[in-house]
Amino acid sequence: MSKTEELIELAQHGDQNASEQLINENSGLIWSIARRFIGRGVETEDLYQLGCLGFLKAIEGFDLDFGTQFSTYAVPKISGEIRRFLRDDGTVKVSRSLKEQSATIKGVRSKLTALLGREPTIQELSDQTGFSPEEIAIAETATAATESIHQETGEDGFCLENILTDTESEDRMVEKIALRQAVDKLPERERLVIQLRYYHSLTQQRVAKVMNVSQVQVSRIEKKALEKIREFML
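Residues numbered from 1 in each chain as written. Predicted model: local features only at pLDDT ≥ 70, side-chain atom pairs only at ≥ 80, totals over all residues. Heavy atoms only, no water.

Visitor: Looking at this structure, how should I read helix 2 (residues 16-25)?
Guide: Residues spaced three or four apart along an α-helix face the same direction, because each turn holds 3.6 residues. Restricting attention to buried positions, one finds in helix 2 the residues Ala18, Ser19, Leu22 and Ile23. Down the axis of helix 2, the smallest arc covering the buried residues is 135°, so these residues share one side. Opposite the packed face of helix 2, turned more than 90 degrees from it, sit the exposed residues Gln16, Asn17 and Asn24. Close packing links the buried residues of helix 2 with helix 1 (3-12), helix 3 (27-34) and helix 4 (44-61). (Buried < 20%, exposed > 50% of the residue type's maximum accessible area, 1.4 Å probe, protein only. Helix = DSSP H or I, 4+ residues; strand = E, 2+ residues; numbered from the N terminus. Arc of directions from axis to C-beta. Contact = heavy atoms within 4.5 Å.)

Written out as structure tokens, the structure reads:
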């Protein structure tokens, strides 16, 4: 019996030290899987902890007599635990009414696109659905896939995290919290532009359609908001 198998057997009989040793020795494996899910709206450290939970479940369910490598058995358990959390218990909760509004807007958008041969304007969507432009923006933003502040925008390659400095992990955690607080301090219009541009990766042209303003106005609002964020974080 290998050392790993001995530790697994001890862990299965309630030895916490054996479980901790197995996690420490397989930390690289857990991290490698957790990193695949970065950018899904969950902090990296939380992804790792979820991976550890899946790893412990793998220890509990592993059959030493089955004849397969433990790592082969553990990988799907680790990724499965993370996927389950992202699917069922993610941090972003959307109300049923918003989901229903979004589904209606999506259906009308698809029909108008086929009918007009182009992307419908926000006003055309509003006329067909009965929702105000603001309600359409809120519904589509709330139900859009969560993006990472690390993701670059399509136009200029800028990402919101560029505002942050490159420091140690503890400092970066504090700065990320400060960044969230700075965005929350912005006036509603400026905050919406930042959220659409950097959290949902919309182009300035797309944001202009959502907000029913010109692209030039979006550019000015965005620039002003970024200046305020930098001032808030000084």
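Visitor: Could you clarify how one ought to interpret empty space enclosed by the protein in this entry?
Guide: A probe as big as a water molecule, rolled over the atoms, marks out the empty space that is left. Summed over the entire model, instances satisfying the criterion amount to one cavity of 30 Å³ or more. Every residue along the wall of the largest cavity is listed here: Arg109, Pro120, Thr121, Ile122, Leu125, Arg206 and Lys209. Sorting the residues of the lining of the largest cavity by element identifies helix 7 (122-129) and helix 11 (204-211) as the ones contributing at least two each. Across the lining of the largest cavity, the residue classes tally to three nonpolar, one polar and three charged. (1 Å grid on protein atoms, 1.4 Å probe; cavity = no way out; pocket = protein on both sides within 12 Å on 5 of 7 lines; lining within 4 Å. Points joined across faces, edges and corners; volume = space filled by probe spheres on them. Nonpolar A, V, L, I, M, F, W, Y, C, P; charged D, E, K, R; others polar.)

Visitor: Would you explain the side chain of Glu81 in this entry?
Guide: The residue Glu81 is located in helix 5 (residues 70-88) in this model. Glu81 gets classed as buried once you look at its relative accessible area, which sits at 8%. Separated by 3.0 Å, the side chains of Glu81 and Lys57 make a polar contact. Apart from the residues lying within four places of it in its own chain, the contact partners of Glu81 are Leu50, Leu53, Gly54 and Lys57. (Polar contact = N/O pair within 3.5 Å; in protein donor to acceptor, adjacent residues only side chain to side chain.)

Visitor: How do you make sense of the packing of helix 6 (residues 96-116) against helix 7 when you look at a structure like this?
Guide: Each packed pair of helices is defined by two parameters, the angle between the axes and the distance between the axes. Helix 7 packs onto helix 6 with a crossing angle of 115° between their chain directions and a minimal axis gap of 10 Å. Here helix 6 runs over helix 7; the crossing is right-handed. Residue-level inspection shows Thr104, Ile105, Val108, Arg109, Leu112 and Leu116 of helix 6 in contact with helix 7, the latter providing Glu124, Leu125, Gln128 and Thr129. Each residue belonging to the contact of helix 6 with helix 7 can be placed in one class, and the counts come to five nonpolar, three polar and two charged. (Axes fitted to C-alpha atoms, helices over the stretch in contact; angles between N-to-C directions. Left-handed = near helix turned anticlockwise from the far one by under 90°.)

Visitor: Any chance you could explain the environment of Glu9 here in plain terms?
Guide: Inspection of the secondary structure assignment puts Glu9 in helix 1. When its relative accessible area of 33% is taken as the criterion, Glu9 is described as partly exposed. In this structure the C-alpha to C-alpha distance between Glu9 and Glu60, which are 51 residues apart in sequence, comes to 9.2 Å. Excluding residues within four positions of it along the chain, Glu9 makes contact with Met1 and Leu64.

Visitor: Looking at this model, I keep getting lost on the pattern of salt bridges. Mind explaining?
Guide: Pairs can form between side chains of opposite charge once their charged atoms are near each other. Within the structure shown, the criterion is met by seven salt bridges. Between Lys57 and Glu81 there is a salt bridge, with the nearest N and O atoms lying 3.0 Å from each other. On the criterion of sequence distance, the pair formed by Lys57 in helix 4 and Glu81 in helix 5 is long-range, its members being 24 residues apart. Measuring nitrogen to oxygen at the nearest pair gives 2.9 Å for the salt bridge that ties Arg84 to Glu81. Placement of both Arg84 and Glu81 in helix 5 is noted, with a separation of three residues, approximately one turn of the helix. (Salt bridge = Lys/Arg side-chain N within 4 Å of Asp/Glu carboxyl O.)

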